[in-house]
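Coordinates in review
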Amino acid sequence: MTTIQPARAGEFAVHDPGSGDLVGQYPVHTAAQVRDTVERARIAGAWWAGLSYQARGQRLDRFRGVLARRAAQLAGVIHDETGKPHSDAMLEIALTLDHLAWAAKNAPKVLGPRRARTGLMMANHVATVGYKPYGVVGVIGPWNYPVFTPLGSIAYALAAGNAVVFKPSELTPGTGAWLVEAFAQVVPEHPVLQLVTGDGSTGAALCGAGVDKIAFTGSTATAKKVMAACAPTLTPLVAECGGKDAVLVDADADLDAAADAAAWAGMANAGQSCIGAERVYVHERVYESFLSKLVAIAGKARAGSDPGAQLGPITLDRQVEIIRRHIDTAVAAGGRVVLGGSDTISGNVVQPTILVDVPEDAPAVTEETFGPTLTVTSVRDMDEAVELANATGYGLGATVFSRRGKQLAGLLRCGMVALDSVFSYPRIPSLPFGGCGDSGFGRIHGPDGLREFAYAQSVARQRFTAPLALTTFARTPKTDALVAKVMTLLHGRH
Ligand code: NDP
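One structure accompanies this document, and this report is about it. Predicted, not measured: the structure shown is a model, and the values here were computed from it.

Here's the deal with the site of the ligand
Around the ligand there are 30 residues in total, and Gly141, Ser219, Thr222, Cys241 and Glu368 lie nearest to it. Measuring from an oxygen atom of the ligand, one finds a backbone N or O atom of Gly198 at 3.3 Å. Side-chain polar atom of Glu368 to an oxygen atom of the ligand: 2.7 Å apart, as the coordinates give it. Here the ligand has 890 Å² of accessible area as a free molecule, and 90% of this is covered by the chains. Of the residues in the shell around the ligand, the class split is twelve nonpolar, twelve polar and six charged.

As structure tokens, then:
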């Protein structure tokens, strides 16, 4: 039974997308409150940055332990707020734990001071580079993976020595609150990780609240607003946005594996994954065979709000109309539904849908659908597949099933490629995660993800006075002549 209730004054209500039940009420933090939170974070951040990498790593390890022991409880909160199946929520938490472990362990190696070569002209110097935390990082997260995605920034920002102010999506504040409370258990001394809740205006307030960096994950449209809000204060930004990822299936591919992977990439989490596949390009020689395998596999997956369903409901109500429009306009333009379709949409439950013969300029091919839909298109060869896969402003990820996988990966314009498997790169903590073009810029995860939350500081120390004194007004014409000679010797032969 649906029991939508109004929110209390100054608060907003969160409802289970499956049942409609009220699952929590949270404050809408004002701009002044957000600013106060950032000020508290600055003090906490100075303390946190003063700890050694090892000391911070120990706290992050203990945080990981809390998450692992209380995973079922956290999965319950994720399920209530997003509607995703409990087992998918557990999987999301499991993947997050690997990242926490990696960031804690590798921060000293990646960010600790290291020697740099000086070159001949500066041989009298010792050069080192180290990384310093920015201070306070504002993390703005989405609702679709409310643990894995924001922690992809939070864990790396904390490991680098920053304090974090986290603004979760207004659909998943309870998950954010759970994480912040769990972290406070292991770091009770100072509010190193804090929460602000509210709608988009709270996120906008965070961008202008004096933070030293923003890590944003969400849609491209919102990323542009965030970038504009960061511009007046020159606040740096890492932006992880949406995608329109493609699966490429070559004539020599293992079709069973490719069909299984494409079904998962397109339908898992009800298609609400930034790296979810939305388009499949298949070599014409294996097109029919692949399609029948894909339809058979995807046809067995059922969406619903009951515990037996493999796909949950669409979390964001208004997304259902976007999914319906993409299906209907594809059909109006000559496409055919071979599985699911808009007739099978009931409330916010969308059954797995496969479309064929869809023109390449239809919204189902050009815009992010963010639902359990796939367009499947026959191509003459993999050159055409690459060309079509690249014909989008997005550039997040791609999946390739081909013996020429490595070569094709090099031709794809995107930040991440999975060869012969699916959703593999985010499960490898040492691999940077992010895209190009409309999919954003900067990286989370891996060494690049740690460096994203720290700035390089170069130090050059003079060990002894150089025979050639260059940076002095006492420099002589003889020195200039010598420099000219050395320059010619070193570089003139090129
Ligand atoms: P949105 O862009 O709507 O929102 C993302 C976050 O930004 C939310 O916390 C939102 O708050 C906040 N926000 C909204 N308006 C503003 C503003 N003006 N200033 C600052 N913050 C603001 O995305 P969704 O939450 O709907 O997430 C889905 C999108 O995220 C999809 O496009 C998906 O592809 C992308 N995504 C990308 C990922 C990646 O790593 N590349 C990973 C996961 C998702 P509120 O919810 O309260 O409005």
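From this point, things continue past the structure.
Some thoughts on the packing of helix H3 (residues 71-82) against helix H4 (residues 86-111)
Packing of H3 against H4 leaves a shortest axis separation of 8 Å and a crossing angle of 120°. As judged from the angle between their axes, H3 and H4 are oblique. In this structure, H3 crosses over H4, and the sense of that crossing is right-handed. Residues Ala71, Ala72, Leu74, Ala75, Gly76, Ile78 and His79 of H3 form the contact with H4, whose own contacting residues are His86, Ala89, Met90, Glu92 and Ile93.

Thoughts on a nonpolar patch on the surface
Judged by side-chain polarity, Leu120, Met121, Met122, Leu470 and Leu490 come together as a nonpolar surface patch covering roughly 420 Å² of accessible area. For Met121, the location among the structural elements is in the loop between strand S3 (114-116) and strand S4 (125-133). Residue Met121 is classed as partly exposed on the basis of its relative accessible area of 38%.

Points about unusual backbone geometry
One non-glycine residue with positive phi stands out, namely Ala270, at about 55°. Here Ala270 is to be found in the loop between helix H9 (255-267) and strand S11 (277-283).

Here we look at the side chain of Ser439
Within the fold, Ser439 resides in the loop between strand S16 (416-419) and strand S17 (440-441). Ignoring anything within four residues of it in the chain, the contact list for Ser439 reads Ala239, Glu240, Cys241, Gly242, Gly243, Tyr394, Gly395 and Leu396.

So, the state of the cysteines
For the structure on display, the rule yields zero disulfides. The structure places no disulfide on Cys230, whose sulfur is separated from the nearest cysteine sulfur, that of Cys207, by 4.4 Å. Free cysteine Cys414: the closest other cysteine sulfur is in Cys436, separated by 6.8 Å.

Description of the pattern of salt bridges
Proximity of charged atoms lets side chains of opposite charge pair with each other. Within this structure, the stated rule accounts for 13 salt bridges. For Arg64, the salt bridge is made with Asp61, and the minimal N-O distance between the two is 3.0 Å. Within this pair, Arg64 and its partner Asp61 are both found in helix H2 (residues 53-69), separated by three residues, close to a single helical turn. The salt bridge partner of Lys244 is Glu278, with a shortest N-O separation of 2.6 Å. Here Lys244, found in the loop between strand S9 (237-240) and strand S10 (245-249), pairs with Glu278, found in strand S11; they are 34 residues apart in sequence, far enough to count as distant. Accessibility classification places Lys244 together with Glu278 in one group, the buried group.

Here is what the cut-offs are and how they apply
Residues numbered from 1 in each chain as written. Predicted model: local features only at pLDDT ≥ 70, side-chain atom pairs only at ≥ 80, totals over all residues. Heavy atoms only, no water. Near = heavy atom within 4 Å. Polar contact = N/O pair within 3.5 Å; in protein donor to acceptor, adjacent residues only side chain to side chain. Areas by Shrake-Rupley, 256 points an atom, 1.4 Å probe, with all protein chains shown as cover. Nonpolar A, V, L, I, M, F, W, Y, C, P; charged D, E, K, R; others polar. Axes fitted to C-alpha atoms, helices over the stretch in contact; angles between N-to-C directions. Helix = DSSP H or I, 4+ residues; strand = E, 2+ residues; numbered from the N terminus. Parallel < 35°, antiparallel > 145°, perpendicular 65-115°, else oblique. Left-handed = near helix turned anticlockwise from the far one by under 90°. Contact = heavy atoms within 4.5 Å. Patch = residues over 30% accessible without salt bridge, like charges linked within 9 Å, V, L, I, M, F, W, Y side chains within 5 Å. Salt bridge = Lys/Arg side-chain N within 4 Å of Asp/Glu carboxyl O. Buried < 20%, exposed > 50% of the residue type's maximum accessible area, 1.4 Å probe, protein only. Disulfide = S-S within 2.5 Å.

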